[in-house]
Number of protein chains: 2
Amino acid sequence: MVNLCLLGCGGSVPQPERNLTSLLLNIIGSKVLIDCGEGTQVSMKRIGWGFKDIDTICLTHYHLDHILGLPGLILTIANSNRREDINIIGPTGLSKVMDSFKIFFNYLPFRLNLIEASGAKDPVFETEKFNISALNLDHSVNCIGYSIYVNRMRKFEVEKAEKNMVPRELWKDLQNEKSRLFDGKMYTPNMVLGEIRKGIKISYITDTRPIDDIQSFVNGSDLFICEGMYGDDDDINKAKENKHMLFREAATLAKNSNVKELWLTHFSPSMEDESIYLDNAKKIFDNTKLGYDRALKQLKYDD
Amino acid sequence: MVNLCLLGCGGSVPQPERNLTSLLLNIIGSKVLIDCGEGTQVSMKRIGWGFKDIDTICLTHYHLDHILGLPGLILTIANSNRREDINIIGPTGLSKVMDSFKIFFNYLPFRLNLIEASGAKDPVFETEKFNISALNLDHSVNCIGYSIYVNRMRKFEVEKAEKNMVPRELWKDLQNEKSRLFDGKMYTPNMVLGEIRKGIKISYITDTRPIDDIQSFVNGSDLFICEGMYGDDDDINKAKENKHMLFREAATLAKNSNVKELWLTHFSPSMEDESIYLDNAKKIFDNTKLGYDRALKQLKYDD
């Protein structure tokens, strides 16, 4: 199960009406944050999920509207008594950016593990609960999109375990996908577990033009969060020039990618009311929703 | 005349309920900003005074809650079509801090003039309209307080000009405090202008313990904006340890400095309701007010 919160839905510049685009995922107690512009930690404070359990921070690129809140957030996490490492993932240039932030940290009570994701290695980050993949996008600077895949445990089948005569003291380890040697015989998880089950996939794509690679990358997502910098089809030249997308283009990606739901975000400050353009997306992909600050969603495994 | 806005009244960490402490002054069209934490540009946007005319930015010190909003603000000013230089004043270390921010600017359409104020030179910055003085404070890092003195033009006295037989074509220059040589004779402003008149003085002191030097520095201020990190007298040890002030201490400075009005600001996030402590200050200096986000004031010349 995943609980997520779109902490903001704005692009470019922080606004009174819209926080900057950022996504917080709570994956069975472990928190992943994607992007951290100015004001992100205030939006986090509003939802009250706490700061201590933020294990992983993913940055799409190093424009200020995606990273300026990071040094302040790291200090706030430090004040929350966290002592465990934090993983920070970003495109090439991550060490340089983090180096420039170091001037503001006297001492941190945890280590920052920097992972520069090229987008070639897949996944770029893996834990027992989930893995994170990255894709190179098409923006004015190095920029990557993220897909988070949350694993679902296989079902334990007592009958299968008994049929395979697996000693009871090994059941727990095998259930946790660990093989065990016992009395000279190797016991494997397959001897007690059922079929592999579909997990939960969330994809987050901003800032970019709608390149073809995105379709296979986000394919099958339960939730596809995608930039829609401009709602009006007439802004296509602006979108091309600034390397962003129209609502229509994001919806076309969603339609071609077999995703369940699309959330648009990263709205241009020049677009005062995004709702008047929603139909531009919905007529291509009906299950499109407009992101808004602190939009919440719970994603459950299929049954 | 000066219009000013306290853009925030919080200290340490940005909060949903309080922006970080920062002051914006509009001095006859020229804007001066003091401190710029995360969220400052959003608070500025709310009051709608624009970004283009920010000529001078003063930083008290380099803790994140006073500077993290600066790179974003500078980019926003750049997008407002400003082409004139911006003066940035701060304690020793300014170049190093601004260097670390440079990674986020590809190109700025104006120059940043950096002025490292030691607090010894007085004033540290001067224009025709106003001058800015700095004072070394007592915080955990180099920190300075600011006083802004807005000049008042002297009164033009026609009778005096005529008595001194000043040619009419010189009147305008002399009124603007410029001497002129004419027909072999030197004409000075004193030949047409009245007495020097009191201007407007605004002082801004945060973060610091209440050192004696502050009293002479802020003496005679029309408005004294001072940190009050803690309202409760019982927090004196915390105040000493973290190099901050109690409400009572700020009020004592105000009382001993012949200021007209005191605004408290930079409230600790641990202090949920500052109003219950206001009397701790008012019983020492009655004209004390609690700062709040976007508190506005217009200061006029005496008379």
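Only a predicted model underlies this, so the values are computations on that prediction, with no experimental measurement involved.

A. Just the relation of the copies chain A and chain B, in detail. Relative to chain B, chain A is turned by 180° and slid 0.0 Å along the rotation axis, the superposed coordinates differing by an RMSD of 0.1 Å. The superposition operator between the copies reduces to a two-fold rotation axis. No C-alpha of chain A lies nearer the rotation axis than that of Ser100(A), which sits 2.5 Å from it. A symmetric contact is evident, with 100% of the interface residues of chain A recurring at the interface of chain B.

B. Seen up close, the interface of chain A and chain B. Contacts between chain A and chain B engage 27 residues on the former and 27 residues on the latter. Buried area between chain A and chain B, both sides added, is near 2,200 Å², and the carbon and sulfur share of it is 71%. Our enumeration of links across chain A and chain B arrives at zero salt bridges. Joining chain A to chain B, the criterion identifies four residue pairs in polar contact (both at pLDDT 80 or more). Of all the elements in the fold, those that place two or more residues in the side of chain A that touches chain B are α1 (40–47), α2 (64–67), α3 (70–78) and α4 (94–101) of chain A. Sort the elements by how many residues they give to the side of chain A that touches chain B and α1(A) lands first, with five residues. Tallied by class, the residues present in the side of chain A that touches chain B amount to 14 nonpolar, nine polar and four charged.

C. A look at the pairing of strand β6 (residues 112–116) of chain B. All names here are of chain B. With five bridges connecting them, strand β5 (residues 86–90) and β6 associate as parallel partners. Bridging from a neighbouring strand, Gly90 pairs with Glu116 of β6. Between β5 and its parallel partner β6, the chain crosses via helix α4 (residues 94–101), and the hand of that crossover is right-handed.

D. Summary view of the sheet that holds β6(B). Residues and elements named next belong to chain B. Strands sit in the order β6-β5-β4-β3-β2-β1-β16 across an open sheet of seven strands; the sheet is mixed. The outermost strands of the open sheet, each flanked by one partner alone, are β6 and β16 (295–299). Each neighbouring strand pair of the sheet contributes to a mean axis angle of 20°, computed without reference to strand direction. Note: strand β3 (residues 30–34) against strand β4 (residues 54–58), four bridges, orientation parallel. Bridge pairing in β4 links Val32 to Thr56. The sheet contacts of helix α1 (residues 40–47) involve β1 (2–8), β2 (22–27), β3 and β4, and relative to β1 the element is tilted by about 135°.

E. Geometry of the pattern of salt bridges. All names here are of chain B. Using the criterion set out here, one finds 36 salt bridges over all chains in the structure. One salt bridge connects Glu274 with Arg18, and the closest N-O pair in it is separated by 2.7 Å. Remark: Arg18 occurs in the loop between β1 and β2 and Glu274 occurs in the loop between β14 (262–265) and α10 (278–282); sequence separation between them is 256 residues. Of the residues examined, Glu274 reaches a relative accessible area of 14% and is grouped as buried.

F. Structural context of helix α9 (residues 247–255) of chain B. Looking only at α9(B), the buried set comprises Phe247(B), Glu249(B), Ala250(B), Ala251(B), Leu253(B) and Ala254(B). Where α9(B) is buried, its residues touch α7 (213–218), β13 (223–227), α8 (236–242), β14, α10 and β15 (288–290) of chain B.

G. The arrangement of the side chain of His61(A) in detail. Residue and element names in this part refer to chain A. With respect to the helices and strands, His61 occurs in the loop between β4 (54–58) and α2. Judged by relative accessible area, which is 0%, His61 ranks as buried. Side chain to side chain, His61 and His63 meet in a polar contact 3.4 Å long. Leave out the neighbours within four places in its chain, and His61 touches Asp35, His66, Ile67, Pro91, His139, Val141, Asn142, Cys143 and Asp207.

H. Structural context of the sheet that holds strand β7 (residues 125–126) of chain B. Residues and elements named next belong to chain B. An order of β7-β8-β9-β12-β13-β14-β15 is seen for the seven strands of this open sheet, with the pairing classed as mixed. One side of each edge strand has no neighbouring strand; the edge strands of this open sheet are β7 and β15. Two elements, β7 and strand β8 (residues 130–136), share two bridges in a ladder whose sense is antiparallel. What sits directly across from Phe125, in β8, is Ile132. Across the sheet, α9 lies against β13, β14 and β15, angled at about 150° from β13, the strand it touches most.

I. Inspection of unusual backbone geometry at higher detail. Residues and elements named next belong to chain A. Note that the residue after Thr206, namely Asp207, is joined by a cis bond; omega there is -5°. The topology assignment puts Asp207 in the loop between β12 (197–205) and α7 (213–218). Even without being a glycine, Ser12 presents a positive backbone phi close to 75°. As for its placement among the helices and strands, Ser12 is situated in the loop between β1 (2–8) and β2 (22–27). Ser12 gets classed as partly exposed once you look at its relative accessible area, which sits at 37%.

J. View of the nonpolar core. Within the largest apolar cluster, 60 residues are counted, with the highest numbers of intra-cluster contacts made by Leu33(A), Ile57(A), Leu73(A), Leu33(B), Ile57(B) and Leu73(B). For Leu33(A), the residues in contact, after removing those within four places along its chain, are Leu7(A), Ser22(A), Leu23(A), Leu24(A), Thr40(A), Met44(A), Ile54(A), Thr56(A), Ile57(A), Cys58(A) and Leu73(A).

K. Looking closely at the side chain of Gln15(B). Mapped onto the elements of the fold, Gln15(B) is located in the loop between β1 and β2. Sequence-distant contacts of Gln15(B), defined by excluding residues within four places in its chain, comprise Val42(A), Lys45(A) and Pro269(B).

L. Focus on the pairing of β12(A). Residue and element names in this part refer to chain A. Across the nine residues that make up β12, a large majority, seven, are buried. Bridge count for strand β9 (residues 144–152) against β12 is six bridges, and the pairing is antiparallel. The residue bridging Tyr146 from the neighbouring strand is Tyr204, located in β12. Following the chain from β12 across α7 to the adjacent parallel strand β13 (residues 223–227), one finds a crossover that is right-handed.

Rules and cut-offs
- Residues numbered from 1 in each chain as written.
- Chains lettered and ligands numbered in written order.
- Predicted model: local features only at pLDDT ≥ 70, side-chain atom pairs only at ≥ 80, totals over all residues.
- Heavy atoms only, no water.
- Least-squares fit on C-alpha atoms with pLDDT ≥ 70 in both.
- Contact = heavy atoms within 4.5 Å.
- Buried area = accessible area lost by both parts, 1.4 Å probe.
- Salt bridge = Lys/Arg side-chain N within 4 Å of Asp/Glu carboxyl O.
- Polar contact = N/O pair within 3.5 Å; in protein donor to acceptor, adjacent residues only side chain to side chain.
- Helix = DSSP H or I, 4+ residues; strand = E, 2+ residues; numbered from the N terminus.
- Nonpolar A, V, L, I, M, F, W, Y, C, P; charged D, E, K, R; others polar.
- Pairing = 2+ DSSP bridges.
- Right-handed = clockwise from strand over helix to strand, strands pointing away.
- Axes fitted to C-alpha atoms, helices over the stretch in contact; angles between N-to-C directions.
- Buried < 20%, exposed > 50% of the residue type's maximum accessible area, 1.4 Å probe, protein only.
- Core = buried A, V, L, I, M, F, W, Y, C linked by side-chain atoms within 4.5 Å.

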